[in-house]
Amino acid sequence: MRDTPEPDVLLDWYDQHARKLPWRISPQDQRAGTVPDPYRIWLSEIMLQQTTVAAVKTYFERFTHLWPTIHDLAQAEDGRVMGEWAGLGYYARARNLLKCARVVSGELGGVFPDTVEALQKLPGIGPYTAGAIAAIAFNQPAVVVDGNVERVMARMFDIHTPLPAAKPELTDYAAGLTPHSRPGDYAQAVMDLGATICTPRNPACGICPWRKPCLARQAGTAAELPKKTPKKPKPVRFGTVYIARRVDGALLLERRPDKGLLGGMLGWPGSEWVEGETPDHATPIRAEWKVLPAEARHTFTHFHLRLAVQTALVPMDRTPDQGEFIEANAFSSGDLPTVMRKAFDLYTGA
DNA sequence: AACCCGGGGTA
DNA sequence: TACCCAGGGTT
């Protein structure tokens, strides 16, 4: 019978190597009595969905400075929150963040539920996030399975079934290891292990606290796990955006519909984005339009985009057919999703 | 179950 | 370039 992975071994490692993160209470501080703030844990977990710690840090600091409590966030204006989320991606997260904040603030007295089942009923909280909040904020022995945990389990038990088909099996293994002692620290320890040692490429097996029981390390297959089903190639789509500056400096923008790509975000008026060639589209306002010599290139989850950028300077008394002018002092390019900011940077010569 | 939805870091 | 990621919602 082989060594089995011991949660306590990982917790000892975590006591020594836990990263300092803005939303994390260190094991030492927890022993001293500091308790996590469920609001901050929730906010960090939403931001961390499909997003790296490095990218999240500054956004987390900004959000908690602007809105220190769930009630503050619940009362924020939609456009303000979307603007602060700009650049972080997966904008449905920001819309669900506000929905969730308003439910918790308005209907639950500002108190987050402490069970996986109740948490998962809230907007934007799925199986992973519900488990993470239950474990980290409420110290419950919830099963927490993210991409890191999937990778650690696939290697520990040398599972060659490709993801996502392997997810239920990997979840079972994760459940079997989840301890009742310090479940919050344990959940973070496994994820830290995956983020810093059991990395996707070149795992540092030599310094891994769980190297002894790891079957993939013994088999020499760690670096090739977990297997994944091949992804479809990304097609290239083409489109045009129109950047109109009024003589007083105001810019012609439009709020995108809540549903679909970049939902709820500010953007430049423009054409549909289609495969093949740049589609024809009416300009959003009568003016002398010029096509910029370069195109804005951007890659989304499912396609590459090549965006032609047209620009114009328009007089004061002209009414747009599409979008609305925003005064120069009420606009920052940081309010735009990245693809729109790239187009603006081409325009300004940045 | 399949599909939709960003962006940045890394090799 | 291609791959990776502290996933959830919709259909």
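All figures in this text were calculated on a predicted structure; none of them were measured in a lab.

Reading the values: rules and limits
- Residues numbered from 1 in each chain as written.
- Chains lettered and ligands numbered in written order.
- Predicted model: local features only at pLDDT ≥ 70, side-chain atom pairs only at ≥ 80, totals over all residues.
- Heavy atoms only, no water.
- 1 Å grid on protein atoms, 1.4 Å probe; cavity = no way out; pocket = protein on both sides within 12 Å on 5 of 7 lines; lining within 4 Å.
- Points joined across faces, edges and corners; volume = space filled by probe spheres on them.
- Helix = DSSP H or I, 4+ residues; strand = E, 2+ residues; numbered from the N terminus.
- Nonpolar A, V, L, I, M, F, W, Y, C, P; charged D, E, K, R; others polar.
- Phe/Tyr/Trp six-rings, centres within 6.5 Å; stacked < 30°, edge-to-face > 60°.
- Buried < 20%, exposed > 50% of the residue type's maximum accessible area, 1.4 Å probe, protein only.
- Lys NZ or Arg CZ within 6 Å of the ring centre and 35° of its normal.
- Patch = residues over 30% accessible without salt bridge, like charges linked within 9 Å, V, L, I, M, F, W, Y side chains within 5 Å.
- Areas by Shrake-Rupley, 256 points an atom, 1.4 Å probe, with all protein chains shown as cover.
- Salt bridge = Lys/Arg side-chain N within 4 Å of Asp/Glu carboxyl O.
- Lys, Arg positive; Asp, Glu negative; His and termini not counted.
- Charge placed at Lys NZ, Arg CZ, Asp CG, Glu CD.
- Near = heavy atom within 4 Å.
- Polar contact = N/O pair within 3.5 Å; in protein donor to acceptor, adjacent residues only side chain to side chain.
- Domains from an automatic or database assignment.
- Buried area = accessible area lost by both parts, 1.4 Å probe.
- Axes fitted to C-alpha atoms, helices over the stretch in contact; angles between N-to-C directions.
- Parallel < 35°, antiparallel > 145°, perpendicular 65-115°, else oblique.
- Contact = heavy atoms within 4.5 Å.
- Expected span 1.5 Å × (residues − 1).

Looking now at empty space enclosed by the protein. This model, assessed by the stated rule, comprises 2 cavities of 30 Å³ or more. In this structure, the largest cavity occupies an estimated 130 Å³ of space. As for the largest cavity, its lining consists of 15 residues, and the residues nearest its centre are R155, C198, C208, W210 and C214. At 3 residues, helix 10 (residues 147-156) tops the list of elements feeding residues into the lining of the largest cavity. Residue composition of the lining of the largest cavity, by class: 12 nonpolar, no polar and 3 charged. What the second largest cavity holds in volume is close to 80 Å³. Put simply, the parts of the chain that give the lining of the second largest cavity at least two residues each are helix 10 and helix 12 (183-196).

It is worth spelling out the packing of aromatic side chains at this point. Under the counting rule described, the total for this entry stands at 15 aromatic pairs. Summarising the aromatic geometry, the rings of Y242 and W289 are spaced 5.2 Å apart at their centres and angled 75° between planes, so their arrangement reads as edge-to-face. In this pair, Y242 is assigned in strand 1 (residues 236-246) and W289 in the loop between strand 4 (274-275) and strand 5 (290-299), connecting sequence segments 47 residues apart. For W289, a relative accessible area of 16% puts it in the buried group. Within the aromatic cluster, the residues linked to one another by ring pairs are W268, F331, F344 and Y347. In this structure, R237 packs its charged tip against the face of F303, placed 4.0 Å from the ring centre. When the ring centre of F325 is taken as origin, the NZ or CZ atom of R246, which lies over that ring, is 4.7 Å away.

This part takes up a negative patch on the surface. A cluster of acidic residues, D3, E6, D8 and D12, forms a negative patch at the surface. On the secondary structure map, D12 appears in helix 1 (residues 7-17).

For DNA strand B, the set of nearby residues contains 18 residues, the closest of which are Q50, Y90, Y91, L262 and H298. The sugar-phosphate portion of DNA strand B accounts for 52% of its atoms within 4 Å of the protein, the bases making up the rest. Backbone polar atom of G87 to a sugar or linking oxygen of DNA strand B: 3.4 Å apart, as the coordinates give it. A distance of 2.7 Å is found between a phosphate oxygen of DNA strand B and a backbone nitrogen or oxygen belonging to T338. Class assignment of the residues belonging to the surface near DNA strand B gives a composition of 7 nonpolar, 9 polar and 2 charged.

So, on to the domain arrangement of chain A. Segmenting chain A into domains produces domain 1 (7-224) and domain 2 (236-348). Relative to domain 2, the C-alpha centre of domain 1 lies at a distance of 36 Å. Surface buried jointly by domain 1 and domain 2 totals about 710 Å² across both partners, of which 55% is contributed by carbon and sulfur atoms. For domain 1, the biggest contributors to the area lost against domain 2 are M82, Y91 and R95; these three give 56% of the whole. The interface formed by domain 1 and domain 2 holds 0 salt bridges in total. Counting across the domain 1 and domain 2 interface gives 2 residue pairs in polar contact (both at pLDDT 80 or more). A per-element tally of the side of domain 1 that touches domain 2 places helix 6 (residues 78-85) first, with 3 residues.

The next point concerns the packing of helix 1 against helix 12. Two elements in contact, helix 1 and helix 12, have axes separated by 9 Å at closest approach and are oriented at 75°. Relative to helix 12, the element helix 1 is oriented roughly perpendicular. Only D185, Y186, Q188, A189, V190, D192, L193 and T196 of helix 12 make contact with helix 1, whose side of the interface consists of P7, L10, L11, W13 and Y14.

Let's shift gears to helix 12. The terminal C-alpha atoms of helix 12, which comprises 14 residues, lie 20 Å apart, in line with the 20 Å expected from a rise of 1.5 Å per residue. When you tally the buried positions in helix 12, you get 12 out of 14 residues, the bulk of the element.

What surrounds DNA strand C is a group of 26 residues, the closest being L48, G124, T129, D146 and N148. Protein-proximal atoms of DNA strand C, defined as those within 4 Å of the protein, fall in sugar or phosphate at a share of 69%. Note that a phosphate oxygen of DNA strand C is positioned 2.6 Å from one of the side-chain N or O atoms of T129. One of the side-chain N or O atoms of N148 is found 2.6 Å from a phosphate oxygen in DNA strand C. Of all the secondary-structure elements, those providing two or more residues to the surface near DNA strand C are helix 9 (127-138), helix 10 and helix 12. The class makeup of the residues in the surface near DNA strand C is 9 nonpolar, 8 polar and 9 charged.

Quick look at helix 9 now. Taking 1.5 Å per residue, 12 residues should reach 16 Å; helix 9 reaches 16 Å between its end C-alpha atoms and fits that length. Of all 12 residues in helix 9, 10 are buried; the element is thus mostly enclosed. All of the buried residues along helix 9 are Y128, T129, A130, G131, A132, I133, A134, A135, I136 and A137. Where helix 9 is buried, its residues meet helix 3 (38-47), helix 8 (116-119) and helix 12. One or two steps after helix 9, the chain reaches N139, where phi turns positive at roughly 50°.

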